Each structure stands twice: as structure tokens, then as C-alpha cells.
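Listed here are the chains, written in short residue letters.
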Amino acid sequence: MAANAQGVAEAPFVWHPATAEEAWQLKATLGAEGVFTAGGTLLRTQWESGLAAMPNHLIDIGAIQELHGPRTDSEIGTVCFGAMTTLSEIRTSPLVNASFPLLTEAARSIAAPSIRNLATIGGNVLSIVGDSIPALLVYDPVLHWHDGSSGLEESLSEWLSTAAVHPVWKERLLLSVALTPPTLNSNTKRFVAYHKVGRRDAFTPSVVTAAFSIQLDSDNRLGDVRLALGGGQTIPHRLETVEQFLTGKPADKKTITEVYSMILEHYEPKGDAFVPVSYRKKAAANLIASELWKAAK
Amino acid sequence: MKDSAKSVTPLAASSIPCTINGHEASLNVPPAKRLLHVLRDDLAMTGAKRSCEIGRCGACMVMVDGVPVNSCLTMAYQCSGKSITTIEGVSAQAGGIDPIQRAFLEEGGFQCGYCTPGMIISVKALLDHNPDPTSLEIEEALSGNICRCTGYGGIKRAVQKAIEWRKEAYESESIRD
Ligand SMILES: Cc1cc2nc3c(=O)[nH]c(=O)nc-3n(C[C@H](O)[C@H](O)[C@H](O)COP(=O)(O)OP(=O)(O)OC[C@H]3O[C@@H](n4cnc5c(N)ncnc54)[C@H](O)[C@@H]3O)c2cc1C
Ligand code: FES
Ligand code: FES
């Protein structure tokens, strides 16, 4: 492990641990003075906007081999994305596109290629509001952490439910995000869609980010419904009440009208000075209703 | 720092090995310094432009190992062992000006020219990787480069012209071989 000898504000020490254990030890030792640094793109935004001060120590996790690239478990089709996998690798990977098309779309919608060449999936997830999260949530993601003991696994949904209020995870190193592709039942068709709606195409916080996956059987009935919403400062989540309601229902006008009202009732986005809650709810309800409509046709 | 950190000895000085426009270099700079500042202030290579400094405009674009990155976001240590190509390197490689640069000149791909080095780097990275991109692929590749003058029409024409010229050059080389 190595570091430079600067260590003053604006010229922090940069440590280059070679293993997850070394990185974790450094963080445990440095406490709040040390920050894990992946692509550094979100951190730079936070430093520049004054949201966070540049720390005295950066713990560069780029040299830790096990954090790089996707690995497939061929038996069950689970793919483990090392936390340092860049959004560009995800955007351009045929493997990702074949098994997790919503993730490919999500990566395309985040920033621009030059930023995606640096930015990582780990950094995006740990931002808590990253635009990859709604897409990931559709694939039952599991986070693998190094916490100094035997390692920790938890579902992304579980982590998201407390991440903003209990920052204990900031002491851990995220190793990977594991995804499982949905299986397709016989005589069914799958429909998927990812939308990021913003005031412009790129470089503005999204108003709504929606990821959607359903199966339609030969009787036009809905099954395996997975629906995740986020956008702006809203912590992304699955809409389980709506998923349960849709399961087994026919994809027709009545169902779509009911689901529109349910989303208005159950989705609770965070508003801001530019886009109020009511607008975000309507945008989300319209997106989902229109996707169901397309699938039903 | 707590006691347990004392077992980890920092190196005395940092020297970051990399290649810049084909020349080996060793950067003796603070490792978290932005590549943009290293290029412009330490190496007097002012082709990459300074503008937003938060990754939003693309004026500072360079290639690292053949892919475009914003040099205002890239920290010096992230270049260790990597090959950096700046706009100065693009012209030098072509022994004058690159066909992409000529296409920008001929098709009115710029007005004030501030965004142009970054645009050309993004176009070069795209065409080196994908010589015959669709218009959607061109739009995606240039989505991180903002131009406040041209309205993008001239830039799109320039990219199409560069694609044509590169194809012609490739075909005539193949015939000669
Ligand atoms: C111009 C611009 C546009 C952007 N547009 C978008 C957008 O459209 N959508 C979007 O979602 N985001 C966007 N971002 C934000 C950012 O680029 C992404 O969220 C990116 O994926 C962050 O990844 P990173 O590797 O750069 O993270 P970093 O900045 O390195 O880290 C982010 C946070 O995660 C922590 N961290 C990173 N990896 C680990 C790990 N393995 N273990 C523990 N902690 C870790 C860091 O300590 C830090 O707190 C944009 C950023 C910029 C500069
Ligand atoms: S100066 Fe780097 S993107 Fe604007
Ligand atoms: S030519 Fe002036 S910003 Fe593009």
C-alpha cells in the first residue's frame, strides 16, 4: 500500500490499498478524515458545490482487483458487478444488455460517455439516489460489503430503506452488486422499460426515473410485475402495493385506469422548488400507464 | 490519525508515470491535482480548455487509454501507467492536422472555437472505436460536449465529412496494399 506525502487541504494524501481488507483497515484508522474514492465524479461535484470539504485522505480503491468487472455465476445466471465496474462497461457490455437490458438503458441515461468512463456502479448506488438504482431494483440486487469481519450481504432495498438516516455503511467497503435475471415462464412475453424524465435530456436531476418489467401470458394477464420509481432526491423503491395489485390482472383499460390512480395515491416522491410532488406523481403515473398500454396493445 | 495507521508508511514523494501524446512522462504533482491543471499550468499544454470544471461542458476533454474523459474530473493519480492524448497530440499524430480537424474547418464546425478541442477529442475517440457510427451513436458520443455558438448543425456536418474522409482514406490504403 502506498500514499503520497502531501496531506493538506486541496492536496490530500492518496492511499492505494491493494486489497479490500487493506482499504477497510485504512478507513477504520482514518475515520471521517479518509474517504473511499472510486471514479471520484460525485465526490468532485460535492467538493465543488461546497456540500463536502475535500478530505485529508483519499482511499483510492481502483487497485483492488476483486472490485473490477462483472463475473457470472453460470449455474443460476447471477451476475456480480464489482463495485469499480464503470458505467461505460455496463453501457457497452452485450452480456449486460442480454440479461439486464434496463441497466444498459440506465447507464446510457447517466451523464455522458466521458463521465461514465470514470464513474462506477458502486459510486452510483452509494449516492442513494443514482439513476441506476431503479433499474437495479428490478433484478433483486444484493450488496456485498467488506466490514472487517466475514463480510456482509444485504438486499439493495433493505439498505436503501435506512441508508440516508443510518450512515453506518460509510465505514464499510462495497465489494459488488449481484443481480439475477428474471426467468421467463412458458407462453409469456416480457415487457421492460426504463425512463428518465428531466427538464433536459442530460445533466439535470431527473423528475422521475422509472424501471418497469412485466410478463404477459397468452390470456393477456399480467405476472412477475416489477416496478421501481425514483428521481431527483427521492430514494428509489419498488412499488409493492401496485405490483401486487397488477399481478394476475388483465392488461386492459380498467386495470390501467386503476393503476394510474394507485400510483398517484401510493408513490411518495420528494419535491423541490422546481418540481413539486404533485407533478412528479403525475409524471410517474403517466409513464407507467403508457407502458402498460403499449404492452396491452 | 489513530495509532494503528502508523504501520502504513506513506511514500516520500509521488511521481506519477504516464505517457502524454506518445512521450513518457513522470508527473511530480500532488496526486489529487486535476489533470486539466497539470496539463495547462505545469506542462503549458493549453489545448484542453478550462470552463465549468465540474464535468458538464466537455471543453477539457482528453483521451486516456483511447477513451474520452473530462480532465477537470480526472485526478493526476488516475493517470498512473496510462496513455494520455490531448488535442496537441491529435494534430501531431496526423503530421499537420487530422482529417477530423479539417472537416471542422471546412464544414463550419465552430465559431468561437472554445468547445472545439473537446469536440474533436470526442469525435476522434468515437471514430477510432466505431468508424461508421449511426446518428444516434454520434449524438450519444457528443452528449457531454456543449457548444454555445454553432447550434450543432456545422458540428454534425463535420462529423459526417470526417467519417467519409476516413472511409475514403481506408479504402485507398486497402487498394494500395
Ligand atoms: C456532470 C455530471 C453529471 C452526472 N449525471 C448523473 C446522472 O445523470 N445520474 C446519476 O445517477 N448520477 C450522475 N452524476 C453523479 C455521478 O457521476 C454518478 O453517481 C457516479 O456513478 C458516481 O460514481 P463514482 O465512481 O464517480 O463515485 P465517487 O465519486 O468515487 O464516490 C461516490 C460516493 O461513494 C463512495 N464510494 C464509492 N465507491 C465505494 C465503495 N466501493 N465502497 C464504499 N464507498 C464507496 C465514496 O466515498 C463517495 O461517498 C453526475 C456527475 C457529474 C459530474
Ligand atoms: S471544464 Fe471540464 S467539463 Fe467543463
Ligand atoms: S464554437 Fe463557440 S462554444 Fe462551440
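Fair warning: this is a prediction, and the values are worked out from it, not measured in the lab.

Asks: Would you take a moment to explain the confidence of the model for chain A for this structure?
Replies: Should the pLDDT be low somewhere, the predicted coordinates at that spot are not to be read in detail. For chain A, the average pLDDT comes to 93, and 96% of its residues sit at 70 or higher. In this model, residues 5-9 of chain A is a region of pLDDT below 50 whose contacts with residues beyond four sequence positions or in other chains number 14 contacts.

Asks: What am I meant to see in the domain arrangement of chain A here?
Replies: Size of an interface: often given as the accessible area lost when the parts come together. Residues and elements named next belong to chain A. As assigned here, chain A comprises domain 1 (13-63), domain 2 (65-179) and domain 3 (188-296). Put simply, the middle of domain 1 and the middle of domain 2, counted by C-alpha atoms, are 18 Å apart. Across the contact, 14 residues belong to domain 1 and 19 residues belong to domain 2. Overall, the association of domain 1 and domain 2 removes approximately 1300 Å² of surface from exposure, summing both partners, and the carbon and sulfur fraction of that is 64%. Along the contact surface separating domain 1 from domain 2 lie 0 salt bridges. Joining domain 1 to domain 2, the criterion identifies 4 residue pairs in polar contact (both at pLDDT 80 or more). Only α1 (20-30) and α2 (41-49) provide two or more residues apiece to the side of domain 1 that touches domain 2. Among the elements that take part in the side of domain 1 that touches domain 2, α1 stands out by supplying 5 residues, more than any other.

Asks: What is the right way to look at the pairing of strand β7 (residues 152-155) of chain A in this model?
Replies: Within a regular strand, side chains alternate between the sheet's two faces. Residue and element names in this part refer to chain A. Note that strand β6 (residues 142-146) and β7 share 4 bridges and pair antiparallel. Note that in β7 the partner of Trp145 across the bridge is Leu152. As consecutive antiparallel partners, β6 and β7 are separated by 5 residues, and within that stretch Gly148 has a phi angle of approximately 90 degrees, a positive value.

Asks: Help me out: how do you make sense of the sheet that holds β7 of chain A in this one?
Replies: Adjacent strands of a sheet pair through backbone hydrogen bonds, lying either parallel or antiparallel. Residue and element names in this part refer to chain A. What the 5 strands build is an open sheet, ordered β4-β5-β8-β6-β7; its pairing is antiparallel. Of all the strands in the sheet, the pair left with one neighbour each is β4 (70-73) and β7. This sheet shows a mean twist of 25 degrees between the axes of neighbouring strands, independent of strand direction. Both strand β5 (residues 78-82) and strand β8 (residues 173-179) contribute to a ladder of 4 bridges, which runs antiparallel. Bridging across to β8, Cys80 finds its partner in Ala178. Lying over the sheet, helix α9 (residues 156-163) contacts β6 and β7, oriented at roughly 85 degrees with respect to β7.

About the criteria used
- Residues numbered from 1 in each chain as written.
- Chains lettered and ligands numbered in written order.
- Predicted model: local features only at pLDDT ≥ 70, side-chain atom pairs only at ≥ 80, totals over all residues.
- Heavy atoms only, no water.
- pLDDT = per-residue confidence, 0-100.
- Contact = heavy atoms within 4.5 Å.
- Domains from an automatic or database assignment.
- Buried area = accessible area lost by both parts, 1.4 Å probe.
- Salt bridge = Lys/Arg side-chain N within 4 Å of Asp/Glu carboxyl O.
- Polar contact = N/O pair within 3.5 Å; in protein donor to acceptor, adjacent residues only side chain to side chain.
- Helix = DSSP H or I, 4+ residues; strand = E, 2+ residues; numbered from the N terminus.
- Pairing = 2+ DSSP bridges.
- Axes fitted to C-alpha atoms, helices over the stretch in contact; angles between N-to-C directions.

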